[in-house]
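Overview (structure and organization)
Read off the chains here:
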Amino acid sequence: MADTSTARGLAAADHDALLGARCTACDVQIFPAQAACPRCGAPTADCALPERGVLWSWTVQRFRPKPPYEGPDEFEPYVVGYVDLGDVKVEGRLDGRPVDAWTIGDPVRLELGAPDDDGAVWTYRWIADDGGAS
Ligand SMILES: [Zn+2]
């Protein structure tokens, strides 16, 4: 497992995965990482989440969200969904195919945003995974 002890933001320290956490008592996995388990309150240990998963559910955002949304002036509908990574489901934006062309169970892969000036990553999205190398 990657050493994520110094990670900040939503990505693991080596910036190739999302930073989650696993409860040291009940074993539940969570995202984003937090120090205490939301189920039982025990301490957690950081863990890097899988970079590939399958679409669990999705919907299309067809109107411009309220501020602080800062998308382009010309709003275009986009897809958001939950990705099943095995032990945890992670919400996120979906890209890589037309908005109405998604199906539950579609394979997706993680794409992390660029790090900020402090090296922390705060954005990510899920890309349709048609089986090629990432
Ligand atoms: Zn727990």
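What counts and how
Residues numbered from 1 in each chain as written. Predicted model: local features only at pLDDT ≥ 70, side-chain atom pairs only at ≥ 80, totals over all residues. Pairing = 2+ DSSP bridges. Helix = DSSP H or I, 4+ residues; strand = E, 2+ residues; numbered from the N terminus. Axes fitted to C-alpha atoms, helices over the stretch in contact; angles between N-to-C directions. Buried ≥ 20, exposed ≤ 12 C-beta atoms within 10 Å, placed from the backbone. Core = buried A, V, L, I, M, F, W, Y, C linked by C-beta atoms within 7 Å. Contact = placed C-beta atoms within 7 Å.

**Observations concerning the sheet that holds strand β5 (residues 78-84)**
Strand order in the closed barrel formed by five strands is β4-β5-β6-β8-β7, with mixed pairing between adjacent strands. In this sheet, adjacent strand axes meet at a mean angle of 50° when their direction is disregarded. The pairing of strand β6 (residues 89-95) with strand β8 (residues 124-128) spans three bridges and is parallel. In the sheet register, Leu 94 faces β8, and the bridge partner there is Trp 126.

**Topic: the pairing of strand β3 (residues 44-48)**
Among the five residues in β3, four count as buried, and that is most of the element. The pairing of strand β1 (residues 19-23) with β3 spans five bridges and is antiparallel. Along β3, the bridge assignment pairs Gly 20 with Cys 47.

**Some remarks on the environment of Cys 47**
With respect to the helices, strands and loops of the structure, Cys 47 is situated in strand β3. Note on Cys 47: 21 C-beta atoms within 10 Å, which makes it buried.

**A word on the nonpolar core**
Counting 23 residues, the largest nonpolar core has Ala 17, Leu 18, Leu 19 and Leu 49 as the members making the most contacts within it. When contributions to this core are tallied by element, the ones reaching two or more residues are β1, β3, β5, β6 and β7 (107-112). Apart from the residues within four sequence positions on either side, Leu 18 is in contact with Leu 10, Ala 11, Ala 12, Phe 31, Leu 49, Val 90, Leu 110 and Tyr 124.

**A look at the sheet that holds β3**
Read across the open sheet, the three strands follow the order β2-β1-β3; overall the sheet is antiparallel. Among the strands making up the open sheet, the edge pair consists of β2 (29-30) and β3. As defined by bridge partners, β1 adjoins β2 across two bridges and the pair is classed as antiparallel. From the neighbouring strand, Ala 21 faces β2, where its bridge partner is Ile 30.

**Comments concerning the environment of Leu 85**
Assignment of secondary structure puts Leu 85 in the loop between β5 and β6. Under the C-beta neighbour-count criterion, Leu 85 is labelled buried, with 21 such atoms within 10 Å. Between the C-alpha atoms of Leu 85 and Leu 49, which are 36 residues apart in sequence, the distance is 7.5 Å. Beyond its immediate chain neighbours, meaning those up to four positions away, Leu 85 contacts Leu 49, Pro 50, Gly 53 and Val 90.

**What about unusual backbone geometry?**
Residue Pro 32 follows Phe 31 across a cis peptide bond; omega there is -5°. Position of Pro 32 relative to the elements: it lies in the loop between β2 and β3. In this model, Pro 67 is joined to Pro 68 through a cis peptide bond whose omega is 20°. Inspection of the secondary structure assignment puts Pro 68 in the loop between β4 (52-61) and β5. Non-glycine residue Asp 27 carries a positive phi angle of around 75°.

As far as function goes, none of this settles anything; it's purely spatial.
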